[in-house]
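# Chain and residue survey
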Amino acid sequence: MTVHDVTTAPIALDNGVRRRHLRTLALALLGVLMLLTPAAAAAVSAYLFRGPVQDLSAVADPFGDARAQVHLATGDDSSRVALIVQGIDRSAAGNTYGAHLHVGPCVEGNGAAALGHYNVAPGVINPQTEVWLDFTVNPGGVGHSATTVPFVPAPGTRSVVIHEAPTNPVTGAAGARLACLPVVW
Ligand SMILES: [Cu+2]
């Protein structure tokens with residue numbers, strides 16, 4: 001098993017977040033290992049991406065001081081992806097935001113650069129053909145989510161984009177792009 005720590009910038013974690021982070025990572029890895037149980041020899045790789053989110057919106061939003069982590073664990077034919085966002089303005093507590101893996105790069109001030117959703121079956125839009133990571137902000141300004149998908153995203157210069165609204169389950173749309181984290185592997 002290969003573990004890659006793809007750190008884009010130093011990140012300060014309080015103990016509570018660190019515990020959740022470790023628990024989430026452990027669950028992510030366990031999820032993939034369970035999926036791979038019949039094929040014990042399957043290759044598993046794990047990647048960690050973290051850093052301040054990049055601002056994509058022209059107006060103020062709750063993610064101005066936010067930092068994020070994305071954990072990606074890949075097996076032969078499935079992946080587990082987890083997202084933790086911390087430092088969200090607490091006025092956003094209770095709000096749910098759409099978040100997805102996009103095929104393009106995370107470029108500050110340029111939401112369009114992230115291009116569309118990563119989709120393993122273009123034209124078929126659902127949480128099994130795309131990586132959806134919608135999260136709800138807790139009272140401490142933290143949001144987290146995780147998903148397992150039956151495919152392995154191709155490596156590239158990609159991004160996780162946070163949107164202004166929850167993901168529409170039919171169209172996959174989630175409104176304006178507010179922030180992103182580079183996901184490059
Ligand atoms: Cu998106």
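Since the structure is predicted, the reported quantities are computational estimates derived from the model, not experimental observations. (Residues numbered from 1 in each chain as written. Predicted model: local features only at pLDDT ≥ 70, side-chain atom pairs only at ≥ 80, totals over all residues.)

### Considerations on the overall build of the protein chain
Applied cut-off: Strands here mean DSSP runs of E at least two residues long; helices mean DSSP runs of H or I at least four residues long; both are numbered from the N terminus. Exposed residues have 12 or fewer other C-beta atoms within 10 Å of their own C-beta, buried residues have 20 or more, and residues in between are partly exposed; the C-beta atoms are placed from the backbone.
A count of helical and extended segments in the protein chain gives one helix and eleven strands. When the elements of the protein chain are put in sequence order from the N terminus, they spell out β-α-β-β-β-β-β-β-β-β-β-β. The buried share of the protein chain, reckoned over its 185 residues, is 37%.

### Details of the confidence of the model for the protein chain
Basically, it comes down to this: Along the chain, pLDDT gives the predictor's confidence residue by residue, from 0 to 100. Residue pairs qualify as contacts under a 7 Å threshold applied to their C-beta atoms, which are placed from the backbone.
Per-chain confidence: the protein chain averages 87 in pLDDT, with 78% of residues scoring 70 or above. Note on residues 9-19: pLDDT is under 50 here. Beyond four places in sequence and across chains, it has nine contacts.

### Some thoughts on the sheet that holds strand 10 (residues 157-163)
Condition: For two strands to count as paired, DSSP must find a minimum of two bridges between them.
Spatially, four strands are ordered 3-11-10-7 in an open sheet, and the strand pairing comes out antiparallel. The open sheet has two edge strands with one neighbour each: strand 3 (54-55) and strand 7 (99-102). One ladder, built from seven bridges, connects strand 10 with strand 11 (residues 177-184); its direction is antiparallel. Note that in strand 11 the partner of Ile-162 across the bridge is Ala-179.

### A short note on the nonpolar core
Most often, soluble globular proteins keep nonpolar side chains buried together rather than apart. Filter applied, for reference: In this description, a nonpolar core means buried residues of the types Ala, Val, Leu, Ile, Met, Phe, Trp, Tyr and Cys, linked to one another by C-beta atoms lying within 7 Å.
Judged by nonpolar contacts, the single largest core of 36 residues is most densely connected at Val-70, Leu-83, Val-160, Ile-162, Cys-180 and Leu-181. Elements supplying a minimum of two residues to this core: strand 4 (67-74), strand 5 (79-86), strand 7, strand 10 and strand 11.

### Thoughts on the pairing of strand 11
For strand 11, a buried count of seven out of eight residues is recorded, marking the element as mostly surrounded by other parts of the structure. Pairing of strand 3 with strand 11 involves two bridges; the strand directions are antiparallel. The partner of Gln-54 across the bridge, within strand 11, is Cys-180.

### Structural notes on unusual backbone geometry
Here Leu-115, not a glycine, exhibits a phi torsion of approximately 55°, which is positive. Mapped onto the secondary structure, Leu-115 falls in the loop between strand 7 and strand 8 (135-136).

### Overview of the environment of Gly-143
By the secondary structure assignment, Gly-143 is in strand 9 (residues 143-149). On the basis of neighbour counts, which here come to 27 C-beta atoms within 10 Å, the residue Gly-143 falls in the buried class. A sequence separation of 59 residues divides Gly-143 from Ile-84, and the C-alpha atoms of the two residues are 5.8 Å apart. Apart from the residues within four sequence positions on either side, Gly-143 is in contact with Val-85, Ile-88, Tyr-97, Phe-135, Thr-136, Val-137 and Asn-138.

### So, the environment of Thr-74
Residue position: Thr-74 is located in strand 4. Residue Thr-74 is classed as buried on the basis of its 23 C-beta neighbours within 10 Å. The sequence separation of Thr-74 and Val-149 amounts to 75 residues, and the corresponding C-alpha distance is 9.7 Å. Residue contacts for Thr-74: discarding those within four places in its chain leaves Val-44, Ser-45, Ser-79 and Val-152.

### Observations concerning the environment of Asp-77
Considering the arrangement of structural elements, one finds Asp-77 in the loop between strand 4 and strand 5. In sequence terms Asp-77 and Ala-43 are 34 residues apart; their C-alpha atoms lie 10.0 Å from each other. Residues in contact with Asp-77, not counting those within four places in the same chain, are Pro-150, Phe-151 and Val-152.

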